[in-house]
Amino acid sequence: MSTASLTVFYNGACPICRAEISHYRALAARDEVETLVWCDLAEMPDALAPHGLSADQAKRRLYTESTDGTLQSGVESFIAIWQRLPRYRWLARVARWPVIYPIAGWVYERIAAPFLVWLNRRRKTAPR
């Protein structure tokens, strides 16, 4: 397990993303995990601009940044978070398995992330 700080950049305007991050935050607080720093891109849309990402690009997936400035996204970011949460460490190990890792990456990049982007656009344009 890493003891270095990890900043998690997430789209707090997305209800599904917000719920998942709230779950991780609650676990981190309960287990006194102090190595996770949370950054809601809905509140700080230009937080990833130093990495060359626009606010729109940043909202499209989960990102993490280590203390050395290394930026990760997608499944790599989930694994980095899970490694720091005692109840999810097993999942981080499983997600790294040679058969699981490429499948998880494909599902996230081709299905999950695009679906959440579509869902949020639809939610924003739906009549109220």
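Report on the accompanying structure. (Residues numbered from 1 in each chain as written. Predicted model: local features only at pLDDT ≥ 70, side-chain atom pairs only at ≥ 80, totals over all residues. Heavy atoms only, no water.)

Turning our eyes to something else, we now look at the pattern of salt bridges. Going through the model one piece at a time under the given rule, you end up with four salt bridges. Ionic pairing is found between Asp31 and Arg30, a salt bridge with its closest N-O pair at 3.4 Å. We classify Asp31 as partly exposed; its relative accessible area is 26%. (Salt bridge = Lys/Arg side-chain N within 4 Å of Asp/Glu carboxyl O. Buried < 20%, exposed > 50% of the residue type's maximum accessible area, 1.4 Å probe, protein only.)

Moving on, we come to the sheet that holds strand β4 (residues 71-73). Reading across the sheet, the four strands line up as β2-β1-β3-β4 and stay open at both edges, with mixed pairing between neighbours. What marks the edges here is a single partner per strand, and that holds for β2 (36-40) and β4. Adjacent strand axes in the sheet meet at a mean angle of 25°, parallel and antiparallel pairs treated alike. The strands that helix α1 (residues 15-30) touches are β1 (6-10) and β2; relative to β2, the one it contacts most, it runs at about 150°. Where helix α3 (residues 75-84) meets the sheet, it contacts β1, β2, β3 (63-66) and β4, and its direction lies at approximately 105° from that of β4. (Pairing = 2+ DSSP bridges. Helix = DSSP H or I, 4+ residues; strand = E, 2+ residues; numbered from the N terminus. Axes fitted to C-alpha atoms, helices over the stretch in contact; angles between N-to-C directions. Contact = heavy atoms within 4.5 Å.)

The phi angle at Glu32 is positive, at roughly 55°, despite the residue not being glycine. Relative to the assigned elements, Glu32 resides in the loop between α1 and β2.

Counting buried residues in β2 gives four out of five residues, a clear majority hidden from the surface. Where the polypeptide runs from β1 across α1 and back to β2, its parallel neighbour, the crossover connection is right-handed. (Right-handed = clockwise from strand over helix to strand, strands pointing away.)

With the rule as written, the count across this model stands at five aromatic pairs. Judged by centre distance (6.4 Å) and plane angle (20°), the rings of Trp82 and Tyr88 are stacked. Among the aromatic side chains, those forming a connected cluster through ring pairs are Tyr24, Phe78, Trp82, Tyr88 and Tyr108. (Phe/Tyr/Trp six-rings, centres within 6.5 Å; stacked < 30°, edge-to-face > 60°.)

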